[in-house]
Amino acid sequence: MSTGKRLSGVLADLALILYFVFALFPIAWMVILSLKPADQLFSTYFSFSPTLDGYRTVLGDSEGIPFVRFFVNSLVVSVGAVALSLVVGLPAAYASARWRFRGSENLMFTLLSFRFAPELTVIIPLFVLYQKLGLFDTYVGMVWVLQLVTLPLIVWIMRSYFADLTPELEQAALLDGYTRRQAFFRVALPLVKPGVAAVSLLAFIFAWNNFVFPLILTSNEAQTVTVGALSFLGGDRPKYNLTAAAALVSVVPPLLLALTIQRYLVRGLSFGAVKS
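Quick caveat: nothing in here was measured; it's all calculated off a predicted structure.

K.L.:
Could you clarify how one ought to interpret the overall build of the protein in this entry?
P.N.:
Counting its secondary structure elements, the protein contains 14 helices and zero strands. What you see in the protein, going N to C, is helices and strands ordered as α-α-α-α-α-α-α-α-α-α-α-α-α-α. Considered along the principal axes of its C-alpha atoms, the protein spans approximately 75 × 75 × 30 Å. Split into buried and exposed, the 276 residues of the protein put 38% on the buried side. Nonlocal contacts in the protein, meaning residues at least 24 apart in sequence, comprise 76% of its contacts between residues at least 6 apart.

Here you go:
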């Protein structure tokens, strides 16, 4: 290997290392901040006495902020929104992949527009409707509004997975006496399980990280961690260490879910990348 190629390789490696340091520094800073005691928050940067008091405070409700309840709320509404979206979205994705009719593409793009439309454009009408219907600050209201975020994602991604399946598999099942519903549940759906795992994780992350809807459509009972973590910033002196600890705790469920379904996630993200 020539000196020029070796030098370019070393420079490329250094650039990659610098990029990773730059990308991971905010996370490292959050960890450092969460371990700082309150009296050293503003007096030091990297030299301090690490403590877990911030995590104990966040999880122990000693500040009068029920963060654990907010955490449970996020789990309930995120899982509920993803489950509802899968029940509705998987058959819809299968139908859109197998049957085309006049205006079907317009219908799909209309559904996709729900995902990419700014949430602030619909938040005021939703707030008024929730007040009138009694859905404000309820689990049902949050599940319903979050599935507006997750459903288009599931339908559009799973549509491509079902489209990559050869229709002959279902036709053979129909010839064997299966109904169309049985062919969907027993033939098509098992073949796209990796895709279902991948899209479920992505939908869960989108629902878990949503901020605008919980901020406006909840008050206390159904408030989620994305809004609840900011509660530690109130008062005369913002508690940045508690906010950092709360933010890091809120990362745990998506991370554990990703690690749990990692095998299916890799297959799901690459499923159908090359059509035969």
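That was the structure; now back to the text.
K.L.:
Just to check I follow, could you spell out the UniProt feature "transmembrane region" (unreviewed entry) in the protein for this structure?
P.N.:
Following the UniProt record, one finds the feature "transmembrane region" (unreviewed entry) at residues 12–32, 70–95, 107–130, 142–162, 183–208 and 240–261. A distance of 33 Å separates the end C-alpha atoms of residues 183–208, which is 96% helix and 0% strand. Here residues 240–261 is 91% helix and 0% strand, with 33 Å between the C-alpha atoms at its ends.

K.L.:
Help me understand the nonpolar core in this model?
P.N.:
The tendency in soluble globular proteins is for nonpolar side chains to be buried as a group. Within the largest apolar cluster, 34 residues are counted, with the highest numbers of intra-cluster contacts made by Phe67, Met158, Phe162 and Val192. The next biggest cluster of nonpolar side chains, apart from the first, holds 14 residues, and it includes Val145, Val149, Ala207 and Ala222.

K.L.:
Help me understand the environment of Leu189, please; the structure alone is not making it clear to me.
P.N.:
Tracing the sequence through the fold places Leu189 in helix H8 (residues 180–191). Residues Leu189 and Val199, spaced 10 residues apart in sequence, show a C-alpha to C-alpha distance of 14 Å. Not counting the four nearest positions on each side in its chain, Leu189 is found in contact with Leu90, Phe162, Phe184 and Val196.

K.L.:
How do you make sense of a nonpolar patch on the surface when you look at a structure like this?
P.N.:
A cluster of nonpolar residues, Phe42, Ile124, Phe127, Val128, Phe211, Leu215, Ile216, Leu230, Leu233 and Tyr240, forms a patch on the protein surface that exposes about 850 Å² of accessible area. For the nonpolar patch, the leading source of residues is helix H5 (residues 120–133), giving three residues. Structurally, Ile216 is set in helix H10 (residues 212–217). Its relative accessible area of 33% is what places Ile216 among the partly exposed residues.

Conventions we followed
- Residues numbered from 1 in each chain as written.
- Predicted model: local features only at pLDDT ≥ 70, side-chain atom pairs only at ≥ 80, totals over all residues.
- Heavy atoms only, no water.
- Helix = DSSP H or I, 4+ residues; strand = E, 2+ residues; numbered from the N terminus.
- Buried < 20%, exposed > 50% of the residue type's maximum accessible area, 1.4 Å probe, protein only.
- Contact = heavy atoms within 4.5 Å.
- UniProt positions renumbered as here; feature names shortened; annotations may be inferred.
- Core = buried A, V, L, I, M, F, W, Y, C linked by side-chain atoms within 4.5 Å.
- Patch = residues over 30% accessible without salt bridge, like charges linked within 9 Å, V, L, I, M, F, W, Y side chains within 5 Å.
- Areas by Shrake-Rupley, 256 points an atom, 1.4 Å probe, with all protein chains shown as cover.
- Salt bridge = Lys/Arg side-chain N within 4 Å of Asp/Glu carboxyl O.

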